[in-house]
Amino acid sequence: MRELIRSDLPQLEQILIATGAFNGPEVACAMELLEIVLNDPTQSDYLVTVAEHAGKVCGYILYGPVPVTEGNFDIYWIATDPAVQGQGMGRKLMEHAEADARKRGARMVCLETSSQGGYERTRTFYERAGYVMESCIRDFYKPGDDRLTYVKRVFL
Ligand SMILES: CC(C)(COP(=O)(O)OP(=O)(O)OC[C@H]1O[C@@H](n2cnc3c(N)ncnc32)[C@H](O)[C@@H]1OP(=O)(O)O)[C@@H](O)C(=O)NCCC(=O)NCCS
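Chains are numbered independently. Their residues run from 1 in the order of the written sequence. Selection of residues for local features in this predicted model requires a pLDDT of at least 70, selection of side-chain atom pairs for listing and counting requires 80 or more, and totals for whole chains, interfaces and linings are taken over all residues. By convention in this description, side-chain values take in all heavy atoms of the structure and omit both hydrogens and water.

Enquirer: How would you explain the packing of aromatic side chains if you had to name every residue and give the values?
Expert: Only centres within 6.5 Å qualify two rings of Phe, Tyr or Trp (six-membered ring in Trp) as a pair; their planes then separate them into stacked at under 30 degrees, edge-to-face at over 60, and tilted for everything else. Taken as a whole and judged by the stated rule, the model has six aromatic pairs. Summarising the aromatic geometry, the rings of Phe22 and Trp77 are spaced 5.7 Å apart at their centres and angled 50° between planes, so their arrangement reads as tilted. With Phe22 in the loop between α1 (9-19) and α2 (24-39) and Trp77 in strand β3 (residues 72-80), this pair connects stretches of sequence that are 55 residues apart. Across the pair, Trp77 and Phe22 agree in class, each one buried. A ring pair is formed by Tyr126 and Tyr150, whose centres lie 6.0 Å apart and whose planes are at 50°; its orientation type is tilted. Placement of Tyr126 in helix α4 (residues 120-128) and of Tyr150 in strand β6 (residues 145-152) is noted, with a sequence separation of 24 residues between them. Here Tyr126 matches Tyr150 in class, with each residue buried. An aromatic cluster of three or more residues is present, and its members are Phe125, Tyr126, Tyr131 and Tyr150. Only DSSP runs of H or I with at least four residues qualify as helices, and only runs of E with at least two residues qualify as strands; both kinds are numbered from the N terminus onward. The rule is simple: take the accessible area with a 1.4 Å probe, protein chains only, and divide by the maximum for that residue type; under 20% is buried, over 50% is exposed, in between is partly exposed.

Given below as structure tokens:
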């Protein structure tokens, strides 16, 4: 687990595309957030941890304190290379981000995901990591595609 460096960007973009979970605008949005982190060392809204294994970048997590809240952190993005999925890398990234959030005063961590069938594995991943679904906004992303918010409150 290490900090983001500029030369990670092409590999992270490849991973985002390879997951098959994100459309073009979503990949562009994810890359934009990584650029913000690299281009503005003074910003503190977004934190990134990159996972590297055997010299190869294999995933990342982007998280940060939610502005105008007290001790609420959000996990904005997480992705692991399909070649390593199911081997514990996602969980390690999550635990790393949670431990860091806790050091920074987190009370709770939230994350959002889609209700669509393609995200079932992702939802299982969050539930196994101790997150509980606390809200659902129906048709948020598009008709029939709800926004689910998962919360973990171990930081009280
Ligand atoms: C979600 C994601 C980050 C998980 O990463 P990962 O490296 O596969 O995660 P892990 O190997 O640490 O797996 C942890 C848990 O995920 C679940 N999981 C892993 N592989 C699974 C599979 N093949 N089927 C169902 N659940 C699975 C399990 O619940 C596992 O818990 P367990 O170890 O107690 O059995 C990864 O699948 C991914 O990049 N998905 C596409 C992108 C995405 O949806 N991101 C989230 C939205 S921003």
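Enquirer: Before we move on, can you summarise a nonpolar patch on the surface with the specific residues and values?
Expert: Together, Ile137, Phe140 and Tyr141 line one region of the surface with nonpolar side chains, adding up to about 270 Å² of accessible area. With respect to the helices and strands, the residue Tyr141 is situated in strand β5 (residues 132-142). Patch building starts from residues that exceed 30% relative accessible area and form no salt bridge, then joins like charges within 9 Å and nonpolar side chains (Val, Leu, Ile, Met, Phe, Trp, Tyr) within 5 Å. Surface exposure here means Shrake-Rupley accessible area, sampled with a 1.4 Å probe, where a residue is shielded only by the protein chains that are shown. Each reported salt bridge corresponds to a side-chain nitrogen of Lys or Arg within 4 Å of a carboxyl oxygen of Asp or Glu.

Enquirer: Can you tell me about the site of the ligand, naming the residues and giving the values?
Expert: Residue proximity to a molecule or strand is established when one non-hydrogen atom of the residue lies within 4 Å of it. Around the ligand sit 19 residues in total, of which Ile78, Gly88, Arg91, Arg121 and Arg128 are the nearest. A distance of 2.8 Å is found between a nitrogen atom of the ligand and a backbone nitrogen or oxygen belonging to Ile78. Under this definition, polar contacts are N or O atom pairs within 3.5 Å; protein pairs additionally need one hydrogen-donor-capable and one acceptor-capable atom, and for neighbouring residues in sequence, both atoms have to be side-chain atoms. One of the backbone nitrogen or oxygen atoms of Gly86 is found 2.9 Å away from an oxygen atom of the ligand. The fraction of the free accessible surface of the ligand (940 Å²) that becomes covered by protein chains is 76%. When atoms are counted within 2 Å of each cavity's grid points, the one that captures over half of the ligand is the largest pocket. Where the shell around the ligand is concerned, the elements lending two or more residues are β3, α3 (89-103) and α4. Put simply, the grid is 1 Å and covers the protein atoms alone, a cavity is a trapped set of points that fit a 1.4 Å probe, a pocket is an open set with protein on both sides within 12 Å along at least five of seven lines, and lining residues have an atom within 4 Å of a point. A molecule is counted as occupying a cavity or pocket when more than half of its atoms fall within 2 Å of that pocket's grid points.

Enquirer: With reference to specific residues and values, describe the layout of surface pockets.
Expert: Grid points are joined across faces, edges and corners, and a volume is the space filled by probe spheres set on the points. The calculated volume of the largest pocket comes to roughly 1100 Å³. Taken together, 38 residues make up the lining of the largest pocket; nearest its centre are Phe22, Ile78, Tyr119, Thr122 and Tyr126. Of all the elements in the fold, those that place two or more residues in the lining of the largest pocket are α2, β3, α3, β4 (108-114), α4, β5 and β6. Considering each element in turn, the lining of the largest pocket owes the most residues, seven residues, to β3. Class assignment of the residues belonging to the lining of the largest pocket gives a composition of 16 nonpolar, 15 polar and seven charged. Of the pockets and cavities examined, the second largest pocket occupies roughly 300 Å³. Taken together, 17 residues line the second largest pocket, and the ones lying closest to its centre are Glu3, Val37, Tyr46, Leu47 and Val48. Of all elements in the fold, only α2, β1 (47-53) and α3 reach the threshold of two or more residues within the lining of the second largest pocket. Looking at the lining of the second largest pocket, the element that brings in the most residues is β1, giving three residues. Along the lines of polarity and charge, the residues of the lining of the second largest pocket split into nine nonpolar, three polar and five charged. As a working rule, the residues Ala, Val, Leu, Ile, Met, Phe, Trp, Tyr, Cys and Pro are called nonpolar, Asp, Glu, Lys and Arg charged, and the rest polar, with Gly in that last group.

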